[in-house]
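# An overview of the molecular structure
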Amino acid sequence: MDSSNWTSVSHFVLLGISTHPEEQIPLFLLFLLMYTVNISGNLSIITLILSAPRLHIPMYIFLSNLAFTDICFTSATVPKMLQNIFSPTKVISYTGCLTQTYFFICFATMENFILAMMAYDRYIAICHPFHYPMILTRMLCVKMVVMCHALSHLHALLHTFLMGRLIFCADNRIPHFFCDLYALMQLSCTSTYLNTLMIHTEGVVVVSGALAFITASYACIILVVLRMPSAKDKWKAFSTCGSHLTVVAIFYGTLSWVYFRPLSSYSVTKGRIVTLMYTVVTPMLNPFIYSLRNGDVKGAFVKWMSRIQILFFR
């Protein structure tokens, strides 16, 4: 394209999930409900873990960080999406768009690392139960969480910087509900080769590295569990991993489908639907997945509700 036709874009237009007026109110109510459930559910998980001393162990330290990450991950996109549903312009500034991209990538990466840390926790708990308190100390957990945050911000900074180098044409309409990497790259007038290369190299290393670590951890867990003589012990060991495996399958399945494919084969329509799964649906379901399948969390919740009833109804 002739460089004389390039224009400086000061803002983008987020077209959202649907452009049909009759669908706006149902979509707003649906996503407002999902966002409310997400925030309240994950805040409840964090409050339960902080208020119950018996849950101050590595497994629940990581779970509370996952809940915090889910709140931030969803908050990076959903509030703006809800605002734009009834906005006549649906505008987001150029700086606001890059900021949204940064935090979206940052918290998606953070979730990726936290899921890997939770797999490591299960590996130590099942394969080395007698050394668990000595290996996963409170200080090690803090260092792992801090490293997770640092790497996530560096990863997000890299991709946001590369996005900031692109020049955009007169068409500033993004057919998505947030500033998605691929949707933005399709609007660029300049080459996106370096952006795509980094997604398919550094991005794949970050995501696939964590997934490979999770897979290796569970391979070791399966080998140890299969050698257990008691069927009851086998079931107890596997039951502690079920919640985590469910979240891992949903998160990595949808994330890989959207990003680890050529830009030319990217479908915005299908991408929107799949993106909704790991940005809105999965963070909303995580508190239920972990609480319904976890006796410690359910027990802490019952005690918490009992204290609330005594406080307000005595």
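Residues numbered from 1 in each chain as written. Predicted model: local features only at pLDDT ≥ 70, side-chain atom pairs only at ≥ 80, totals over all residues. Heavy atoms only, no water.

For the protein, an unreviewed UniProt entry supplies the name Olfactory receptor and the organism Sapajus apella.

## Some points on the overall build of the protein
Secondary structure summary: the protein contains eleven helices and three strands in total. Expressed as a percentage of the 314 residues in the protein, the buried residues total 50%. Long-range contacts, defined as pairs at least 24 residues apart, comprise 79% of the intrachain contacts of the protein with a sequence gap of at least 6. Surface accessibility of the protein: about 15,400 Å² in total, with carbon and sulfur atoms responsible for 71%. (Helix = DSSP H or I, 4+ residues; strand = E, 2+ residues; numbered from the N terminus. Buried < 20%, exposed > 50% of the residue type's maximum accessible area, 1.4 Å probe, protein only. Contact = heavy atoms within 4.5 Å. Areas by Shrake-Rupley, 256 points an atom, 1.4 Å probe, with all protein chains shown as cover.)

## Some remarks on the sheet that holds strand β1 (residues 11–14)
With mixed pairing, the three strands of this open sheet are ordered in space as β2-β1-β3. The sheet is open, and its two edges are formed by β2 (91–93) and β3 (173–174), each paired on a single side. Judged from the three bridges that link them, β1 and β2 form a sheet pairing that is antiparallel. Bridged to F12 within β2 is I92. (Pairing = 2+ DSSP bridges.)

## So, the environment of I17
For I17, the position within the fold is in the loop between β1 and α1 (24–51). Here I17 is in contact with L27, F31, M81, F177, R272 and L276, once residues within four sequence places are set aside.

## Section: unusual backbone geometry
Located in the positive-phi region is K90, a residue other than glycine, with phi close to 55 degrees. For K90, the location among the structural elements is in the loop between α3 (78–85) and β2.

## Side note on the packing of helix α2 (residues 58–75) against helix α4 (residues 94–127)
Closest axis-to-axis distance for the α2/α4 pair is 9 Å, and the angle between their directions is 165 degrees. Considering their axes alone, α2 and α4 lie roughly antiparallel with respect to each other. Along this stretch, α2 crosses α4, giving a crossing that reads as left-handed. Listed contacts from α4 to P58, M59, F62, L63, N65, L66, T69, D70, C72 and F73 of α2 are F104, F107, A108, M110, E111, I114, L115, M117, M118, D121 and R122. (Axes fitted to C-alpha atoms, helices over the stretch in contact; angles between N-to-C directions. Parallel < 35°, antiparallel > 145°, perpendicular 65-115°, else oblique. Left-handed = near helix turned anticlockwise from the far one by under 90°.)

## Description of the nonpolar core
Core analysis: the largest hydrophobic core is formed by 90 residues, its most contacted members being F12, L115 and I174. Take this core: its biggest share by element is 19 residues, from α4. Residue contacts for L115: discarding those within four places in its chain leaves L66, I214, H244, V247, V248, F251, Y252 and Y290. (Core = buried A, V, L, I, M, F, W, Y, C linked by side-chain atoms within 4.5 Å.)

## Comments concerning the side chain of N172
Topologically, N172 is positioned in the loop between α6 (138–164) and β3. N172 gets classed as buried once you look at its relative accessible area, which sits at 14%. Within polar-contact distance, the side chain of N172 engages the backbone oxygen of H11 at 3.0 Å. Look past the residues within four positions of N172 in its chain and what remains in contact with it is V9, H11, F12, V13 and L187. (Polar contact = N/O pair within 3.5 Å; in protein donor to acceptor, adjacent residues only side chain to side chain.)

## Some words on the state of the cysteines
As enumerated under the stated definition, the model contains one disulfide in all. Here C97 connects covalently by a disulfide to C179, the sulfurs 2.0 Å from one another. Because the sign of the S-S torsion sets the handedness, a value of about -125 degrees for the bond joining C97 and C179 places this disulfide among the left-handed ones. Within this pair, whereas C97 is found in helix α4, its partner C179 is found in the loop between β3 and α7 (181–185), the two being separated by 82 residues in sequence. Exposure remark for C179: the relative accessible area of 1% places this residue in the buried category. A disulfide-free cysteine, C220 has its sulfur positioned 5.8 Å from the sulfur of C127, the nearest such atom. (Disulfide = S-S within 2.5 Å.)

## Some points on the pattern of salt bridges
What the rule picks out here adds up to two salt bridges. Among the salt bridges present, the one from D121 reaches R122, with a minimum N-O distance of 2.8 Å. The two residues D121 and R122 agree in class, both being buried. (Salt bridge = Lys/Arg side-chain N within 4 Å of Asp/Glu carboxyl O.)

## A closer look at the UniProt feature "transmembrane region" (unreviewed entry) in the protein
In the numbering used here, UniProt assigns the feature "transmembrane region" (unreviewed entry) to residues 25–50, 62–82, 102–120, 140–158, 204–226, 238–260 and 272–292. Secondary structure across residues 62–82 divides into 90% helix and 0% strand, with the first and last C-alpha atoms of the span separated by 30 Å. Spanning residues 102–120, this segment combines 100% helix with 0% strand, and its end C-alpha atoms are found 27 Å apart. (UniProt positions renumbered as here; feature names shortened; annotations may be inferred.)

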